[in-house]
Amino acid sequence: MKIVSNTKLIKRNKKIGQFLTIGALLVLAIGLYFSFTQPEQITITFGALLFGFLMTQIGIYFGNRWGRSPRPDELLTSGLKGLEDKYTLYHYVTDIPHALIGPAGIIALIPVSVGGTIIYDESKNRFRQKGGNLYLKIFGQEGLGRPEVDAQYTTSDLAKFLKKKFPELEIPEIQPILVFTNPKAKLETSDSPIPALSLEKLKDFIRKKGKEKPVVLSLIQQIQKGLPEEDLD
């Protein structure tokens, strides 16, 4: 398997996360300083604390995705290690974070880092989470959210990108896959219309899909040749 990453973007966003974290601490410190020394300046105090909290949350977002190792791209790369060279894994190269292109077709990979029991509620057409770390849900942005909606937008964004990039080609249907990277996640998602897999099962799923419904290799190779073949530094 070939891997192409936008290393420039990863490095930049890692630095942004670091600066935001440091800046948030400074802003929070200013708020605390005014709360003790000038309690009458309530506007400044609460403004600084609120702004500092928001900066902290944004810093955590950047840190979880680009600052903390293993990052989502590193986890996906590790989980797919060993796929044949006809596959190319793209990290932050297209209009979506992670895309895999090869004999199994064009796949939008959506990593999900939450733990606990993940259930697909067919009656409500959505995923639900039971358990998990409450502290991280509140302060670490570990909530499940709406991955089925994320998958729709991700697939649509990749389709638009490829149609614009290759207007002369008939782009195959794009398959989204939710990849749960947390080893503590227990999946009860057999009824989900979107494949929802643990990281450990991802590679076997791709191989099976490539054998059952292979895409025309010449078309895949055209798309791969039209995308970057080396890391974007």
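Look up: the structure comes first, before these words.
Residues numbered from 1 in each chain as written. Predicted model: local features only at pLDDT ≥ 70, side-chain atom pairs only at ≥ 80, totals over all residues. Heavy atoms only, no water.

A. The environment of Leu28, seen in detail. Position of Leu28 among the secondary structure elements: in helix α1 (residues 7–37). Classification of Leu28 as partly exposed rests on a relative accessible area of 24%. Put simply, Leu28 and Gly47 are 19 residues apart on the chain and 9.6 Å apart in space, counted from C-alpha to C-alpha. (Helix = DSSP H or I, 4+ residues; strand = E, 2+ residues; numbered from the N terminus. Buried < 20%, exposed > 50% of the residue type's maximum accessible area, 1.4 Å probe, protein only.)

B. Geometry of the nonpolar core. Formed by 33 residues in total, the largest nonpolar core has its most connected members in Ile106, Leu158, Leu162, Leu178, Phe180 and Ile223. If one sorts the elements of this core by residue count, helix α5 (residues 147–165) sits on top with 5 residues. Setting aside chain neighbours within four positions, we find Ile223 in contact with Ile101, Ile106, Leu162, Phe166, Leu169, Ile171 and Pro172. Judged by nonpolar contacts, the second largest core, of 16 residues, contains Leu76, Leu100, Leu109 and Leu197. (Core = buried A, V, L, I, M, F, W, Y, C linked by side-chain atoms within 4.5 Å. Contact = heavy atoms within 4.5 Å.)

C. Up close: helix α7 (residues 217–226). Residues Leu219, Ile220, Ile223 and Gln224 constitute the buried set of α7. The buried residues of α7 occupy one face: seen down the axis, they fall within an arc of 135 degrees. Summarising the contacts, the buried residues of α7 are in contact with β2 (88–91), β3 (98–102), β4 (105–112) and α5. (Arc of directions from axis to C-beta.)

D. Up close: the packing of helix α3 (residues 72–80) against helix α6 (residues 199–212). Interaxial distance between α3 and α6 falls to 8 Å at its minimum, and their mutual angle equals 50 degrees. Between α3 and α6, the crossing angle belongs to the class labelled oblique. Crossing angle aside, the handedness with which α3 passes α6 is right-handed. Taken together, the residues of α6 that come into contact with α3 (itself represented by Leu75, Leu76, Gly79 and Leu80) are Leu199, Leu202, Lys203 and Ile206. When its residues are assigned to classes, the contact of α3 with α6 shows 6 nonpolar, 1 polar and 1 charged. (Axes fitted to C-alpha atoms, helices over the stretch in contact; angles between N-to-C directions. Parallel < 35°, antiparallel > 145°, perpendicular 65-115°, else oblique. Left-handed = near helix turned anticlockwise from the far one by under 90°. Nonpolar A, V, L, I, M, F, W, Y, C, P; charged D, E, K, R; others polar.)

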